[in-house]
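So the chains spell out like this:
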Amino acid sequence: MVHTIDAGLMVIDKQARIQVWNSFMENHSGFSAQQVSNKQLFDVFPDLARSWLERKIETVFKLRTPSFTTWEQRPFVFEFGNYRPLTGKSAHMYQNMTMIPLNSVSGDVDHLCIIIYDVSDVANSQLQLADVNQELKVLSRTDRLTGLFNRGYWEEQLSSEFNRFKRTQKTSTLVMFDIDHFKAVNDNYGHHVGDEVIKVCSFYFQQCARNTDVVGRYGGEEFGAILIDTDAQQAMFFCERLRKKIAEHRFELQGFSFNITISLGICESDPGMLDHTQWIQGSDKALYTSKESGRNLTSSIRFSELSLE
Ligand SMILES: Nc1nc2c(ncn2[C@@H]2O[C@H](COP(=O)(O)OP(=O)(O)OP(=O)(O)O)[C@@H](O)[C@H]2O)c(=O)[nH]1
């Protein structure tokens, strides 16, 4: 039975010398039972995680209780190849391991049995599932046209940043921006060109922002950037750099050649704000001022000015 079970089975003594070595172990290690008999496990397999495994073995001998290790804790104990090409993209066999103390007739524990289970099928499907879940998570946060965060996720981030500000009082700034006369772009050049314009602008938004900033698509042609640990004055540099870059970009799309501009509104986080929606109101109001004042502009507003109105 020891030889026919579909698992690796070996018995070692207190010096980790191999006493039993079944067919599974022979097949996957390439060493016959005769070759390894009475040899020290770590001499036969110099690549084993020695200190980890020695600690485990010692504990089982000492406590006289079984121990179990899963592939999630350590993908494998023995570096065997994966012979299940249908389910596995990994080169090695994932393994669970059980160690069982063996009582001798005198009641002493002088040997232990190590069982290695090939769990590559389960591990690979769980890993694939985790990959798919991760992809879904990214997709659920991402705006399909631009690759920026979508409104739902972006607003969650804004809410978190607002709560962080309430705790730490470290100023961040919210910038809302909008493409000027975008309806005319669609009307004059078509929706496809409009989409391309949004994509190019989004590229610049992301390029001008820092890694820590959070840029999202708030609506059709309206965007938001949460500039972390940044005050309104510093945000003005970001906005003006972005505004100029876009104004200078010559769009050459589907035989049309044209320029576009954006308008921007800045509002710093403020202790008087009750929630993140008031922060959006502040930046939106500043954006409206830019539109009213002729577009292709950045305006900044303090929340205290807004609430006085
Ligand atoms: N091509 C394209 N157009 C969009 C998308 N989302 C929104 N729009 C269009 O964007 C236009 C927005 O128009 P308005 O809100 O009137 O604003 P505007 O023309 O940019 O004018 P101002 O903002 O006042 O400068 C509408 O025509 C929408 O159909 C999109 O994903 N792709």
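No experiment lies behind these values; they were computed from the predicted model shown.

### Here's the deal with the domain arrangement of the protein chain
Quite often, the size of an interface is put as the accessible area lost when its parts meet.
Next up, step 1: Parsing the protein chain into structural domains produces domain 1 (8–128) and domain 2 (143–308).
Next up, step 2: Look at where the C-alpha atoms of domain 1 and domain 2 centre, and you get two points 58 Å apart.

### Side note on the packing of aromatic side chains
Next up, step 1: Summed over the entire model, instances satisfying the criterion amount to 16 aromatic pairs.
Next up, step 2: Plain terms: the ring middles of F78 and F80 are 5.5 Å apart, the flat faces sit at 20 degrees to each other, and that makes the pair stacked. The exposure classification of F78 matches that of F80, with both residues buried.
Next up, step 3: Ring centres of F177 and F223 lie 6.2 Å apart, and the angle between their planes is 15 degrees; this geometry places the pair in the stacked category. Separated by 46 residues along the polypeptide, F177 in strand β6 (residues 173–179) and F223 in strand β8 (residues 222–227) bring together distant segments of the chain. In terms of burial, F177 and F223 fall into one category: buried.
Next up, step 4: Pairwise contacts between aromatic rings join W21, F31, F45, F78 and F80 into one cluster.
Next up, step 5: It is R151 that lies over the ring of Y218; its NZ or CZ is 3.9 Å from the centre.

### A closer look at the environment of S159
Next up, step 1: Here S159 shows up in helix α6 (residues 151–168).
Next up, step 2: S159 gets classed as partly exposed once you look at its relative accessible area, which sits at 23%.
Next up, step 3: Through-space distance from the C-alpha of S159 to that of N124 is 37 Å; in sequence the pair is 35 residues apart.

### A look at helix α10 (residues 276–292)
Next up, step 1: When the terminal C-alpha atoms of α10 are compared, their 24 Å separation across 17 residues agrees well with the 24 Å that a helix rising 1.5 Å per residue should span.
Next up, step 2: Buried residues of α10: H276, Q278, W279, I280, G282, S283, A286, L287, S290 and K291, and no others.
Next up, step 3: Where α10 terminates, the next one or two residues include G294, which has phi positive at roughly 120 degrees.

Parameters at a glance
- Residues numbered from 1 in each chain as written.
- Predicted model: local features only at pLDDT ≥ 70, side-chain atom pairs only at ≥ 80, totals over all residues.
- Heavy atoms only, no water.
- Domains from an automatic or database assignment.
- Phe/Tyr/Trp six-rings, centres within 6.5 Å; stacked < 30°, edge-to-face > 60°.
- Buried < 20%, exposed > 50% of the residue type's maximum accessible area, 1.4 Å probe, protein only.
- Helix = DSSP H or I, 4+ residues; strand = E, 2+ residues; numbered from the N terminus.
- Lys NZ or Arg CZ within 6 Å of the ring centre and 35° of its normal.
- Expected span 1.5 Å × (residues − 1).

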